[in-house]
Amino acid sequence: MRRGLISAVLFLAAVGSAQTPATGTLAGRVQNSIGGAALENARVTVGGTSREAFTDAFGEYRLDALPAGEVTLRVFFTGLTPRTPTA
């Protein structure tokens, strides 16, 4: 079986007000680094939390209402080596 690497394009937008703790949205696209094909149904989890999302047919995912600041993701797709990018 040919093994490729998973790459994730990450976007982070933090929003908040003085009365509520700052939260952010993390959205991105997961694709195979060999050939660039979008990976549907890849599981994206946020380290230290129970938050997760699965990618759609275009390899895109979105995680809302995350605490503002840096997070470590774990991206898993069957047959490929899991990756842990930081956003």
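Residues numbered from 1 in each chain as written. Predicted model: local features only at pLDDT ≥ 70, side-chain atom pairs only at ≥ 80, totals over all residues. Heavy atoms only, no water.

Asker: Whenever I open this one, the overall build of the protein chain confuses me. Can you help?
Answerer: A count of helical and extended segments in the protein chain gives 0 helices and 6 strands. Of the regular secondary structure in the protein chain, the N- to C-terminal order runs β-β-β-β-β-β. Across the 87 residues in the protein chain, those meeting the buried criterion constitute 28%. Of the contacts made within the protein chain by residues no fewer than 6 positions apart, 49% connect residues no fewer than 24 positions apart. On the protein chain, roughly 5400 Å² of surface is accessible, and the fraction owed to carbon and sulfur atoms is 54%. (Helix = DSSP H or I, 4+ residues; strand = E, 2+ residues; numbered from the N terminus. Buried < 20%, exposed > 50% of the residue type's maximum accessible area, 1.4 Å probe, protein only. Contact = heavy atoms within 4.5 Å. Areas by Shrake-Rupley, 256 points an atom, 1.4 Å probe, with all protein chains shown as cover.)

Asker: Sorry if this is basic, but what is going on with the pairing of strand 3 (residues 43-46) here?
Answerer: A regular strand carries its side chains on alternate faces of the sheet. In this sheet, strand 4 (residues 52-54) lies alongside strand 3 in antiparallel orientation, the contact comprising 3 bridges. Along strand 4, the bridge assignment pairs Thr45 with Glu52. Linkage of strand 3 to strand 4, two consecutive antiparallel strands, is achieved through a turn of 5 residues, within which Gly48 is found at a positive phi near 80 degrees. Note: strand 3 against strand 6 (residues 73-76), 4 bridges, orientation antiparallel. By the bridge assignment, Val46 is partnered in strand 6 with Leu73. (Pairing = 2+ DSSP bridges.)

Asker: Sorry, what's going on with unusual backbone geometry here?
Answerer: A negative phi angle is the norm for most residues apart from glycine, just as the trans form is the norm for most peptide bonds. In this structure, Asn41 is a non-glycine residue whose phi angle is positive, near 65 degrees. Here Asn41 shows up in the loop between strand 2 (20-32) and strand 3. You can call Asn41 exposed: its relative accessible area is 51%. With phi around 55 degrees, Ala65 is a residue other than glycine that occupies positive phi space.

Everything listed is a geometric property; what it means functionally is a separate question.
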